[in-house]
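Summary of the model geometry
Residue-level listing of the chains:
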Amino acid sequence: MVKSLQFILNSWISSGLICVILFTPQSLVADYSTFEPALHVKTLHNDNLLLERQKDSGLETTITLEGEISYFTETSRLSSIFKFQNNNYHGVRTLSNRDDYTLGLIGENHNERNTWRFDAKGIQDSTATDILDIEPEDIGGDVGQIQDDIKRQRYYISPSWRHDITEKSQIDLRYNYSDLQYDNSSKTNLVESNNHNVTTTYFVGINEQNTLLTSVSGSYFESDNHSKYEIATINMGNIHRFDELSNARILVGFYSLEAEVPGLKDNDNNFLYEVSGQYDHDTTSLFVSAERILVPGNSGDVYARNQIRFYLSGMLTLTWNYKIEGKHYRNQSIIKEISDNGRRQTSIRTSLGWQISNIFDINLGYHYKRQKESTEANSNAIFLVFNYKDLFSN
């Protein structure tokens, strides 16, 4: 309880003060404000909750309360995001009931040619969190579901500035800081770490459908096991717009990396890529991507990750809908003399939803997971979710 309270205080104090200083003067006289509350109650039966070779079935029940409060003016926005999730397990002794928290602040201010934005977020959860519920940029997010249920805290700060050079060209400059901390991880290979990243991206529209982009970034990653990574990356690509809602994106990049641990120094150079597409039309939405990226790991190192993601949703009738989402990734150690903790995992989730009213719906679904390399195992789960979501504004 003490650490949970400390987590909340740290999240709000560190991010709140900056947002208040930068954006409160504009938001004191808000043109309008909104409040979006949501409640999710989920019950899941899984034949292998721990994702181990020796299957151990159990029940998992989560109650999630979340919301976003926003203030808007002609030139600014200030939003506060909160999420509380209570997790209860039955039938599996090694998984403890717990409470997860997410707190975030977003401040944005713009004029005719400039946009300033500040994002901050604090997350307290567990390494038992499923990979489909983890954002791609999360430090330590590659853990996925593992045998060790370890509580962790993650903090993110990201100020950015975008400038419209001409009607067709823009430059974007952003800094990202992330920090990963664990509780009681001494008996595992989990290592606390932090990461700094600065990225500059230049966009230029060559016609109504195509936008070329070039980005240059530098990263510095260090961990409590005294490993350090210095990374320089360049990416070039094109965004093609089919219409206002559908587009395709192709990027090709190259990185140069220097790594250092006590008694060893090494370097590596290799290619990166991203191919993705977004399609939205009437009642159907589809997103597909394949990419090779660098990600901070959970063991105090940096991985090259090859991953495929997809998301498909649509309406069957006015009240019935469906969702299919999945992710497959493989982490590969860049310098095996420093770390050789490869991991491959697949997660697929599908559901059928019934829209009871504008604010209530129920979803029944199936979730399949498979893991190789670290531990070869798979799991099957059936879940039922009750959702409430509303919007209030004035």
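Note that the structure is predicted; figures quoted are calculated from it, not measured. (Residues numbered from 1 in each chain as written. Predicted model: local features only at pLDDT ≥ 70, side-chain atom pairs only at ≥ 80, totals over all residues. Heavy atoms only, no water.)

**Structural notes on the pattern of salt bridges**
Note the following rule: By definition, a salt bridge exists where a carboxyl oxygen of Asp or Glu is found within 4 Å of a side-chain nitrogen of Lys or Arg. Here's how the labels work: a residue is buried when its accessible area is under 20% of the maximum for its type, exposed when over 50%, partly exposed in between, all with a 1.4 Å probe on protein chains only. Numbering of helices and strands runs from the N terminus, with a helix taken as a DSSP run of H or I at least four residues long and a strand as a DSSP run of E at least two residues long.
Going through the model one piece at a time under the given rule, you end up with 12 salt bridges. Where Arg 174 meets Asp 172, a salt bridge forms, and the shortest distance between an N and an O atom there is 2.9 Å. Overall, Arg 174 belongs to the partly exposed group, its relative accessible area being 30%. Residue Asp 172 is classed as buried on the basis of its relative accessible area of 5%. For Arg 349, the salt bridge identified is with Glu 325, shortest N-O distance 3.1 Å. On the criterion of sequence distance, the pair formed by Arg 349 in strand 16 (residues 343–355) and Glu 325 in strand 15 (residues 320–333) is long-range, its members being 24 residues apart. There is no split in this pair, since Arg 349 and Glu 325 are both buried. Counted as one network, the salt bridges with shared partners bring together Glu 108, Arg 117 and Asp 119.

**Details of the side chain of Ser 158**
Defined as follows: Counted as a polar contact is a pair of N or O atoms within 3.5 Å, where, for protein atoms, one must be capable of donating a hydrogen and the other of accepting one, and residues adjacent in sequence contribute only when both atoms are in side chains.
Among the secondary structure elements, Ser 158 is positioned in strand 6 (residues 151–164). A polar side-chain atom of Ser 158 sits 2.6 Å from a polar atom in the side chain of Asn 176.

**Brief notes about the pairing of strand 10 (residues 228–241)**
The side chains of a regular strand alternate between the sheet's two faces. Put simply, the rule is: We treat two strands as partners when DSSP finds at least two bridges between them.
Sheet topology note: the strand 9 (residues 210–223)/strand 10 ladder contains 13 bridges and is antiparallel. In the sheet register, Ser 215 faces strand 10, and the bridge partner there is Asn 235. Here strand 10 runs beside strand 11 (residues 247–261); their pairing, made up of 14 bridges, is antiparallel. By the bridge assignment, Arg 241 is partnered in strand 11 with Asn 247. Between strand 10 and strand 11, which follow one another and run antiparallel, lie 5 residues.

**Topic: the nonpolar core**
Convention followed: Nonpolar cores were defined as sets of buried Ala, Val, Leu, Ile, Met, Phe, Trp, Tyr and Cys residues, with membership established by side-chain atoms within 4.5 Å. By the convention used here, residues are in contact when the closest approach between their heavy atoms is within 4.5 Å.
The biggest cluster of nonpolar side chains holds 11 residues, and these are Phe 221, Tyr 229, Ile 231, Tyr 255, Leu 257, Ala 259, Leu 272, Val 302, Ala 304, Ile 334 and Ile 335. Elements supplying a minimum of two residues to this core: strand 10, strand 11 and strand 14 (302–315). For this core, the element with the most residues is strand 11, which contributes 3 residues. The residues contacting Leu 257, other than those within four sequence positions of it, are Tyr 229, Glu 230, Ile 231, Asp 266, Asn 267, Asp 268, Asn 269, Ile 334 and Ile 335.

**A word on the confidence of the model for the chain**
What counts, and what does not: The predictor's confidence in any single residue is recorded as pLDDT, a number from 0 to 100.
Taken as a whole, the chain shows an average pLDDT of 86; of its residues, 84% reach a score of 70 or greater. Of all helices and strands in the chain, the one with the weakest mean pLDDT is helix 1 (residues 2–27) (48), whereas strand 10 scores best (96).

**Considerations on the pairing of strand 2 (residues 58–72)**
Across 15 bridges, strand 1 (residues 32–46) lies against strand 2 in antiparallel orientation. From the neighbouring strand, Leu 39 faces strand 2, where its bridge partner is Leu 65. The pairing of strand 2 with strand 3 (residues 76–90) spans 14 bridges and is antiparallel. From the neighbouring strand, Phe 72 faces strand 3, where its bridge partner is Arg 77. Following strand 2, the chain reverses through 3 residues before pairing antiparallel with strand 3.

**Observations concerning a nonpolar patch on the surface**
Keep this limit in mind: Like charges are joined within 9 Å and nonpolar side chains (Val, Leu, Ile, Met, Phe, Trp, Tyr) within 5 Å, but only among residues with over 30% relative accessible area and no salt bridge; these make up the patches. In these tables, accessible area is a Shrake-Rupley quantity obtained with a 1.4 Å probe, and a residue counts as shielded only by the protein chains included in the view.
On the surface, Val 216, Ile 234, Met 236, Ile 250, Val 252, Phe 254, Phe 271, Tyr 273 and Val 275 cluster together to form a nonpolar patch covering roughly 830 Å² of accessible area. Residue assignment for the nonpolar patch shows that the elements contributing at least two residues are strand 10, strand 11 and strand 12 (264–281). With respect to the helices, strands and loops of the structure, Val 216 is situated in strand 9.

**Quick look at unusual backbone geometry**
Note: most residues except glycine have negative phi, and most peptide bonds are trans. Backbone geometry places Leu 51, a non-glycine residue, at a positive phi of 55 degrees. The class for Leu 51 is buried, based on a relative accessible area of 0%. The phi angle at Asp 282 is positive, at roughly 50 degrees, despite the residue not being glycine. According to the relative accessible area criterion, Asp 282 is exposed, its value standing at 72%.

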